[in-house]
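Below, each chain spelled out in residue letters.
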Amino acid sequence: MDKVIIVTGGAGGIGSDICRGLASDGLKVVIADYAKEAAENIAAEIRKDNGEAIAIQVDVGSKQSVGDMVKATLDKYGRIDFLLNGAGVLTRVPVVEMPEEDWDRVLRINLKGTFLCSQAVAHHMIPKKQGRIISIASGRGVAGQPRAAHYAASKAGIIAFTKSLAVELATYEITVNAIAPGATDTPMSRSGSTREEFEKREAIPPLMDGLTKKEEIVGLIRYLLSEATKYVTGQTFFLRTPK
Ligand SMILES: NC(=O)c1ccc[n+]([C@@H]2O[C@H](COP(=O)([O-])OP(=O)(O)OC[C@H]3O[C@@H](n4cnc5c(N)ncnc54)[C@H](O)[C@@H]3O)[C@@H](O)[C@H]2O)c1
């Protein structure tokens, strides 16, 4: 398969598993992350396993940097079939104490980053009349998140952005969807707590089965990139009931 996917946040806890999983399916994977060394390490690991991957350093909140990322991908592979918007950040602070800088940074990376990357790849996908864009939202985008209102607002924004862009791009046979994991065990979700505190905080009834597993996320992405979902667009897929 010579299909190419850009995964932003591809060096992160969830992103790196997405990169490994899709590379093992035969996709050419662009690991696009601000964390250059971590992205390079994952790309090297994938290539060692006979997959195809490159690392590109990007700041998804910068139009210039996103443009450079798209150009570098096209220079290397000559095409972009899929985009996965996975870069995201979180701080934990109540609204009344939240520094303006925290609000701006979380909205800039999570929401504006999703806009800039989607816009940049859409310019390339529209003339080809094909493409799939998937963004990682969160159950917090509908349930809210005390001590992380900026994060919840950014994820709600991704859900609305997804619905809007899906309609705009439908004419070009490009689908736009979002996935909304529940709490998933990664450095982001553990930030500010010990493992014990994290597990206690996220404990929910057994039927709803605690943490989202990274393999569930990878499986859903595979489905959304498959022929089976050619006409599925504008949707947000919740992996757990938002709470
Ligand atoms: N972990 C969870 O519980 C959870 C739940 C729901 C949704 N999510 C979402 O899943 C995505 C991945 O989260 P994660 O848990 O793997 O977090 P993570 O912190 O492990 O990974 C996030 C990645 O984004 C990268 N990044 C940060 N700023 C960037 C920028 N300006 N440009 C490019 N890359 C940048 C980081 O370097 C990191 O590799 C995020 O969008 C997050 O909001 C996570």
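About the cut-offs
Residues numbered from 1 in each chain as written. Predicted model: local features only at pLDDT ≥ 70, side-chain atom pairs only at ≥ 80, totals over all residues. Near = placed C-beta within 6 Å. Helix = DSSP H or I, 4+ residues; strand = E, 2+ residues; numbered from the N terminus. Nonpolar A, V, L, I, M, F, W, Y, C, P; charged D, E, K, R; others polar. Axes fitted to C-alpha atoms, helices over the stretch in contact; angles between N-to-C directions. Parallel < 35°, antiparallel > 145°, perpendicular 65-115°, else oblique. Left-handed = near helix turned anticlockwise from the far one by under 90°. Contact = placed C-beta atoms within 7 Å. Buried ≥ 20, exposed ≤ 12 C-beta atoms within 10 Å, placed from the backbone. Pairing = 2+ DSSP bridges.

A. Up close: the site of the ligand. Near the ligand lie 28 residues; those nearest to it are G9, G12, G88, T186 and M188. Counting residues per element, the ones that place at least two in the shell around the ligand are helix 1 (13-24) and helix 7 (187-190). Looking at side-chain class alone, the shell around the ligand contains 14 nonpolar, 12 polar and 2 charged residues.

B. Quick look at the packing of helix 4 (residues 100-128) against helix 6 (residues 149-170). Direction vectors running N to C along helix 4 and helix 6 enclose 15°, while the axes themselves pass 9 Å from each other. It follows that helix 4 is roughly parallel to helix 6 by the angle criterion. Handedness of the helix 4/helix 6 crossing: right-handed. Of the residues in helix 6, those touching helix 4 at D102, W103, V106, L107, N110, L111, T114, F115, S118 and A122 are H150, Y151, S154, K155, G157, I158, F161, L165 and L169. Taken together, the residues of the contact of helix 4 with helix 6 break down into 11 nonpolar, 6 polar and 2 charged.

C. Molecular detail of the pairing of strand 6 (residues 174-180). The buried count for strand 6 comes to 7 of 7 residues, which makes it a mostly enclosed element. Judged by which residues are buried, strand 6 turns out to be covered on both faces: I174, V176, A178 and A180 on one side and T175, N177 and I179 on the other are all buried. In this structure, strand 5 (residues 131-136) lies alongside strand 6, joined through 6 bridges in parallel fashion. From the neighbouring strand, G131 faces strand 6, where its bridge partner is I174. Note that strand 6 and strand 7 (residues 236-238) share 3 bridges and pair parallel. Looking at the pairing, A180 lines up with F238 of strand 7.

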